[in-house]
Structure formats: C-alpha cells, structure tokens
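# Results of the structural survey
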Protein chains: 2
Amino acid sequence: MKLTCTQENLNFGLNVVSHIASRSTNLPILNNVLLKAEKTELKLITTNLEMGVKLGVRGKIDKEGAFTVQAKLLSDYVNLLPKENINLELEENNLNIKCLNYQTQIKGLEATEFPLLPEIEKKNKITLKVDDLKPALNRVAFCAALDESRPEISGVLFKINEKQLVITATDSYRLAEKKIEVLESKINNGQFIIPLKTIQELQRILFSQQEKNLNIYFNDNQALFEIDNIELISRLIEGQYPDYQQIIPQNYKTKVKIKTSEFLQAVKTASLFCKPGINDVKITLLPSKNEIVVIASNANLGENITNLSVEIEGEENEIVFNYRFLIDGLNNVNQEYLNVEITNSSTPGVFRPVEEEGYLYIIMPIRQ
Amino acid sequence: MKLTCTQENLNFGLNVVSHIASRSTNLPILNNVLLKAEKTELKLITTNLEMGVKLGVRGKIDKEGAFTVQAKLLSDYVNLLPKENINLELEENNLNIKCLNYQTQIKGLEATEFPLLPEIEKKNKITLKVDDLKPALNRVAFCAALDESRPEISGVLFKINEKQLVITATDSYRLAEKKIEVLESKINNGQFIIPLKTIQELQRILFSQQEKNLNIYFNDNQALFEIDNIELISRLIEGQYPDYQQIIPQNYKTKVKIKTSEFLQAVKTASLFCKPGINDVKITLLPSKNEIVVIASNANLGENITNLSVEIEGEENEIVFNYRFLIDGLNNVNQEYLNVEITNSSTPGVFRPVEEEGYLYIIMPIRQ
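Please read these numbers as outputs of a predicted model, since none were measured by experiment.

## Quick look at the overall build of chain A
- Regarding its fold elements, chain A presents 6 helices and 27 strands.
- Dimensions of chain A along its principal axes, counting C-alpha atoms only, are 80 × 50 × 35 Å.
- Within chain A, the proportion of its 368 residues that are buried is 42%.
- Considering only contacts within chain A whose residues lie at least 6 apart along the sequence, 69% involve residues at least 24 apart.

Spelled out as structure tokens, the structure:
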C-alpha cells in the first residue's frame, strides 16, 4: 500500500469514521480503522459490530493494499498535521506517514483480521433532504428510552410510504413524532426501528452536512444511510413498536396558546422548587382569567408561583408534569407560540408548535 | 428586612458570591448567603471558613435587617428572573421575592447563625492594575501543587516591594514566575502564600473585570483583595516557600529561538506516541544543522519524529521532558517566538518568551 492524499480529506474522513471504533479489549481489532487503497481512493472502514461506517478519501494510489491501525491515534495524529499532502506507505507491520517535516511509524494489524461489514442490496430506497432529516432527528430522538429493558423503544421508529417519513421516539413517559416529506420512495408501507446509538452516530455525521440529499436502504435486518461518499450501516431492532396512535388524545377540554419562551422561563424557575425525584410542576388553567399558573413547592426550600397571560378556551383544568419533560419539549418547539391541549389530570398533555404541521410532543401527567 | 433592587445588580452580586457557598452537610449554614440590608445597600456575604466574599448591591432599603437563604437556589432563581425591579421582604422565616408576575417564598436560617468573617486592618496596602494581575495569575497559578502534602507549595507566592509584585508557583516539577509593576505600595519587603483555591476564586471574580485597580491588604494570617465593591478575604498558608531562585540555571550551554506555535504542534504530535505514565518527549538540539528534533516512541504504538528549523547557538545537546509540562508552558507563552535555554540532560530547561521581560517557566527534565 502506497498513496498520497491531502490532510484535509484524510482528516475529514477519519473524523467521521474513528468515532465508532470502540475501545474494546476483548477484540482489539475493533479499535482500528481499516485502510483499503483501491483504484483512485483510500477507503476508511470502522465497525463496532452493531454498526459500521465506510468512507472514500480521494487520493493518488501508487500501490494498492490494505492495513489497519488504531483509529483514534491516526485520527488525532492526522488532525495535528499541517494542511499539506500526506504520504502513506506500508512497510512490514508499520504504516509510515510523512507530511513536510513530520514523520511517523504506526504499528498495526493485518487487514485480514478485520471483520467484514454486512452488505445490503440497494433495493428499498428512500431519498430525503438532509436539511429535513437533521432537525427532525434532533427534535425526536431525545425521547427514545436510554435503557434497553424494553428494546423496541430503545430506538427510533421510521415509518415510510410513497410520500412521507414519520419519525417517532418514546420512553413511555413522553413521545415525539415528526413527519417529513420524502423526495423519492417506492415503498408502500414499510417500517423499521433504528437503535438509538446508530441515530446518534447519524446525527454526528449529519452535523456538518447541509443542502444535500440522503438515501436510506433497508431490509429485514439492516438499514444503510448513504450521503455522498459516506455509508453508515446498522442492525435494526427486532420486535413490535407500540401502537402509540391510540394514546394520543384526539380531543381536549382546555386549549391554551402560549408564548414558548415565557412558558419555558416559568417552568425553569418552578423547577428550582420541585420535590427532588418527583420533579412535579403543577399547571392550573384558568379560562375565566385568561391565565395559567405554574406552581412548584417543597417543604424544605419554599414555593414558587408564576402567572402567565395566555389565550385560552374551554374548561378550568389542572395537571401535573415532570418539569424535565416539559423543558425537553419546550426546547424543541421552534416557534414563538405553542398550543397546549389538556383533557384532565390523568390524560397525556399534547404540545404542538403553532404554525408548524407535522410535529407533536406528548407528556404523561404525574397523577396525584 | 424589606428592599428593592434591580435584577441585574442582584444577579451580578449573587454570581460573584454564591460560588464559594459550599455544599456542606456538617454545617448547612455555609450553603447560605447572608443578606444584610443596611442604609443604601444590600450586602451579600458567603464563606467556606477558608475564605469569604462580601459584595454590596445598591438598592432602596425600606427596612433594615438580615437573613440567610441557600446561595445556589437564590442565585439560580434570580438569574432566571426578567431584568426588572425585584422586591425582597422577610416574613417570619421566609424570604418573599416578587418580580413582575413571578412570586416566590424561600425558607432560610437566621442571620445570627452565620459565621463572622475575619476583619483585616487596611494597613499594608498594595495597588495594582487588574489588567496586569489577571493575565499574570493565569500564566502562573497552573503550576501550583494540587495536593496539599507539601502545603507551602499548594499556593501561590506573592512577593512585594515598593515597585514590584513577583508571583510564583511550582509543584516541584515545573515553576512559573511573573513580575508585575505595582501602582502603589508602601511595603519594603513582604511576602505571603495564598491558597490555590483562593487564587482560583480571585480568577473567577477578575474574569469579567477590566480597566480597574485592585487593592491587596495583608497581615500575618490573612489577605484581602478589594475591587470596587467586592472584598475577597482568605487565610494564608503558613510555612516557608522554597528558595527557588537557586534552582533557576544562571547559564546555559545551548540556546534556541523557536516559533512557539511550531514547537507546540511538534510536542502535541509527539505526545500521541509517548510511553503512558512517563510522557517522555526527547528533544535533540543540533546547532550544526540549525535544527531541533522532537521524538517520542512507544513499543506498542510506533514512533514520531519532527524536525524543526530554529535559530540555535552553543553545543549539541539532548534533554527529555514530560510533554504535559511542555504543553502547559507553551500554551502560556504569549509571544510568537520563545527562547529555550538548555544546560544538560539533568538541569532544568528555561523557557522565556522573546520580547517579554518578567516571565519565566522552567521544567525539570526526566533523567534517563
């Protein structure tokens, strides 16, 4: 293996792939990045067996070949090099790297020891705008269950038809759903659950991407996300996602239109006075006064009351929420105003940004 | 106690004082801030018994009085309030706070339970520019010993005469010294050791201050830092500071003038290849080639070599340093170029920014 590429390209590629190279002591090869020089590019490949990522770096290949070295070490090192051409050459079990006055030998392991990434037939294709998917993931994924005691909700549900992708996550205490348009889809009715870790990796990869399209392919066991020269492949979560539509209230008794920032501020001040562990904030809805009252109290610390002027219709009502779920939700409303729909103290509250179709956040109340 | 002040002033004051209110379970009163309404101001006072801080907030005092409440809670709460007038009123054992549509009761403890801050006679006075002291502390304090097994070096030495303040810190592996001019001093020859925690608190307080003067007063046991309406008082460390002048080499065999950023870059790349725990980077000085070579190697990872073109005079030489101490020092050189003075492999290396008088950083070598 012998090749030349630019520091910028190699650095970008290593930044993308090196993150999932684990620090496995059982299987040290998983710490490594597979470097594969073929034709006109250097392929960088990492995997943690749950998912894998593959990226092509353009370069001048003088001699084809493959080798593996510690991904983090190579990434940290290349990141420090000047923005010049880098020469990579394999000599016995050392990767020699030269860049201006910097020279380095990195020891590594044979490419043949590196696990194969699963291949996926590029058949069930969906094409989306990155600028649609990225904010949708950011506003939904935080609801997924962090522990895996109920594996089916420890991921994010993708539900697809010809026109729409619906992304949903829940931890059974709250739920977020976002609908986005697809550019191209030949799927009548498909769905799959992506593990949260894969979603987080995808968010990392998408972070610096914009004004591009992204393709998704899937079969029964895997999904592949493709953007430019980057491929992220992941196992899917088996099992049946809960039928959450039935818990979204279809009606309400009280509806409030409220300024998002004022509501957030009131919940934050209340949060300082909640009972620890319970995190309970009481919201009293008073249509006769065009007002809601946000209250928290704690025998040791004291009590906090905030009165907020709102547009309100329907009945007088009262409900108690965990302030953390309120703050999470309010932080994800992109709009100046928010509609809150309340039925009673034991039915989930529904939060919808005013003037935005397709986003929904619901919270289970704390029953008192 | 009953008063009105602005959110901005109270928020600023609580930000300054609340940090040192500890989370003591032995002595819960130390979590609290003492609020003392007197004449035209509300005094905020906190202490952790090692140091204390006092600050006056201007306000309209309707009724004098004093009370204590949890410093962090009050600070977090006031920080969230709108930038309007705040009314504070004591009713039995509750502090009532009102600001527009926000109202809160915070429970607290009697002011009489709060420990007294030591008073210090304002006699031995030194006046400095904040803009001189702030960078000097930032460039010296990081060298102080973090553990207190040798208490005398777990602080920062202040050495004062009529013209100059010399600030020094060392952990016995490296040392930094900075001389700054004093605006006013009636002290012939004084010195004291300030605990590192006090220095860190002072740095926090100075962070947002500029273009101001600062007064320091001290006696045998305490020092007081005064800036505007803020007073930070601290115990001093007893004991004799080591006579460090004798370990600063007065001569050298090899002198190098090097670009600071290039040297830092080379040390950072080498640091990836050091032996863990030893952190050894070898520097070879080659006057015949106008070059220094920075080398690190590790049987498991590989080897890194960087050649740097420099101005160099004197003998061929070689020395090994802990890369962490090199990086710390190089990060604190404010100048494009740096002079490095090396005697031999067992004598401390001396680092001086070119074109800056009064700053010095020395590192003990690793003997091989």
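Now that the structure has been shown, we can carry on.
## A closer look at the relation of the copies chain B and chain A
- Superposition of chain B onto chain A requires a rotation of 180° combined with a translation of 0.0 Å along the rotation axis, giving an RMSD of 0.0 Å. In symmetry terms, the pair is related by a two-fold rotation axis. Using C-alpha coordinates, one finds that chain B approaches the rotation axis most closely at B:Phe207, a distance of 16 Å.

## Details of the interface of chain B and chain A
- Of the residues lining the interface, 25 residues belong to chain B; the matching set on chain A comes to 25 residues.
- Those elements that place two or more of their residues in the side of chain B that touches chain A are α2 (71-80), β9 (102-109), α5 (260-271) and β22 (302-309) of chain B.
- Of all the elements, β22(B) adds the most residues to the side of chain B that touches chain A, at 7 residues.
- Within the side of chain B that touches chain A, the residues separate by chemical class into 9 nonpolar, 12 polar and 4 charged.

## Overview of unusual backbone geometry
Residue and element names in this part refer to chain B.
- Positive phi, close to 55°, is recorded for Lys-39, a residue that is not glycine.
- Following the sequence through the fold, Lys-39 ends up in the loop between β2 (32-38) and β3 (41-47).
- We note that Glu-92 has phi near 50°; this positive angle belongs to a residue other than glycine.
- Within the fold, Glu-92 resides in the loop between β7 (85-91) and β8 (94-99).

## Here we look at helix α6 (residues 323-331) of chain B
Residue and element names in this part refer to chain B.
- Every buried residue of α6 is accounted for by Tyr-323, Phe-325, Leu-326, Gly-329 and Leu-330. Along α6, the residues classed as buried sweep out an arc of 160° about the axis, all on the same side.
- Buried positions along α6 lie against β13 (174-181), α5, β20 (280-286), β24 (317-322), β26 (349-353) and β27 (359-363).

## Details of the domain arrangement of chain A
Residues and elements named next belong to chain A.
- The domain architecture assigned to chain A consists of domain 1 (2-113), domain 2 (125-244) and domain 3 (248-363).
- Between the C-alpha centres of domain 2 and domain 3 there is a distance of 29 Å.
- Taken together, the contact between domain 2 and domain 3 spans 10 residues of the former and 11 residues of the latter.
- The biggest single contributor to the side of domain 2 that touches domain 3 is strand β13 (residues 174-181), with 6 residues.
- Partitioned by chemical class, the residues of the side of domain 2 that touches domain 3 number 5 nonpolar, no polar and 5 charged.

## Concerning the environment of A:Ile199
Residues and elements named next belong to chain A.
- Mapped onto the secondary structure, Ile-199 falls in helix α4 (residues 196-206).
- Note on Ile-199: 21 C-beta atoms within 10 Å, which makes it buried.
- For the pair formed by Ile-199 and Asn-26, sequence separation is 173 residues and the distance between their alpha carbons is 25 Å.
- Excluding anything up to four places from it in sequence, Ile-199 contacts Leu-137, Ala-141, Val-156 and Ile-194.

## Things to note about the packing of helix α1 (residues 7-17) of chain A against helix α2 (residues 71-80) of chain A
Residue and element names in this part refer to chain A.
- Between α1 and α2, the least distance of the axes is 9 Å, while the angle of their chain directions is 145°. Where α1 crosses over α2, the two elements pack in a sense that is left-handed. Taken together, the residues of α2 that come into contact with α1 (itself represented by Gln-7, Leu-10, Asn-11, Leu-14, Asn-15 and Val-17) are Ala-71, Leu-74, Ser-75, Val-78 and Asn-79.
- Broken down by class, the residue content of the contact of α1 with α2 amounts to 6 nonpolar, 5 polar and no charged.

## Remarks on the sheet that holds β27(B)
Residues and elements named next belong to chain B.
- Taken together, 9 strands build an open sheet; the order of strands is β15-β11-β12-β13-β27-β26-β25-β19-β23 and the sheet is antiparallel. This sheet does not close on itself; its edge strands, each paired only once, are β15 (190-195) and β23 (311-314). Ignoring which end each strand starts from, the neighbouring axes of this sheet average 15° apart.
- Alignment of strand β19 (residues 254-259) against β23, held across 4 bridges, turns out to be antiparallel. Each residue of the ladder has a partner; that of Lys-255, found in β23, is Glu-313.
- Across the sheet, helix α3 (residues 130-140) lies against β11 (155-160), β12 (164-170), β13 and β27, angled at about 170° from β13, the strand it touches most.
- Those strands touched by α5 are β19 and β25 (337-342), and its axis lies near 95° from that of β19.

## Notes on the packing of helix α3 (residues 130-140) of chain A against α4(A)
Residues and elements named next belong to chain A.
- Closest axis-to-axis distance for the α3/α4 pair is 10 Å, and the angle between their directions is 135°. In terms of their interaxial angle, α3 and α4 are classed as oblique. Every pair of crossing elements has a handedness; the one defined by α3 and α4 is left-handed. Taken together, the residues of α4 that come into contact with α3 (itself represented by Val-130, Leu-133, Lys-134, Leu-137 and Asn-138) are Ile-199, Leu-202, Gln-203 and Leu-206.
- Along the lines of polarity and charge, the residues of the contact of α3 with α4 split into 6 nonpolar, 2 polar and 1 charged.

## Notes on the pairing of β25(B)
Residue and element names in this part refer to chain B.
- Pairing analysis gives 6 bridges linking β19 to β25, with the strands arranged antiparallel. Counterpart to Lys-257 in the pairing with β25 is Asn-339.
- Inspection of the sheet shows β25 paired to β26 by 4 bridges, in the antiparallel sense. If you follow Asn-339 over to β26, its bridge partner there is Arg-352.
- Adjacent in sequence and paired antiparallel, β25 and β26 are bridged by 6 residues.

## Describing the environment of B:Ser22
- On the secondary structure map, B:Ser22 appears in the loop between α1 (7-17) and β2.
- The spatial distance from the C-alpha of B:Ser22 to the C-alpha of B:Ala71 is 9.0 Å, given a sequence separation of 49 residues.

## Remarks on the pairing of β7(B)
All names here are of chain B.
- Of the two faces of β7, the one lined by Ile-86, Leu-88 and Leu-90 is fully buried and the one lined by Asn-85, Asn-87, Glu-89 and Glu-91 carries no buried residue.
- Sheet topology note: the strand β1 (residues 2-6)/β7 ladder contains 5 bridges and is antiparallel. Bridged to Lys-2 within β7 is Glu-89.
- Looking at chain direction, β7 and β8 are connected through 5 bridges and run antiparallel. Residue pairing in the sheet places Leu-90 in a bridge with Leu-95 of β8.

## Side note on the confidence of the model for chain A
- When pLDDT is averaged along chain A, the result is 96; 100% of the residues meet or exceed 70.
- Complex prediction metrics read pTM 0.91 and ipTM 0.89.

## Here's the deal with the sheet that holds strand β8 (residues 94-99) of chain A
- Spatially, β5(A)-β1(A)-β7(A)-β8(A)-β9(A)-β22(B)-β21(B)-β20(B)-β24(B) is the arrangement adopted by the 9 strands of the open sheet, whose pairing is antiparallel. With one partner strand each, in any of the chains shown, β5 (60-63) of chain A together with β24 of chain B form the two edges of the open sheet. Sheet twist, expressed as the mean angle between neighbouring strand axes with direction ignored, is 15°.
- Strands β20 and β24 of chain B of the sheet are contacted by α6(B), whose axis makes an angle of about 90° with β24(B).

Analysis parameters
Residues numbered from 1 in each chain as written. Chains lettered and ligands numbered in written order. Predicted model: local features only at pLDDT ≥ 70, side-chain atom pairs only at ≥ 80, totals over all residues. Helix = DSSP H or I, 4+ residues; strand = E, 2+ residues; numbered from the N terminus. Buried ≥ 20, exposed ≤ 12 C-beta atoms within 10 Å, placed from the backbone. Contact = placed C-beta atoms within 7 Å. Least-squares fit on C-alpha atoms with pLDDT ≥ 70 in both. Nonpolar A, V, L, I, M, F, W, Y, C, P; charged D, E, K, R; others polar. Arc of directions from axis to C-beta. Domains from an automatic or database assignment. Axes fitted to C-alpha atoms, helices over the stretch in contact; angles between N-to-C directions. Left-handed = near helix turned anticlockwise from the far one by under 90°. Pairing = 2+ DSSP bridges. Parallel < 35°, antiparallel > 145°, perpendicular 65-115°, else oblique. pLDDT = per-residue confidence, 0-100.

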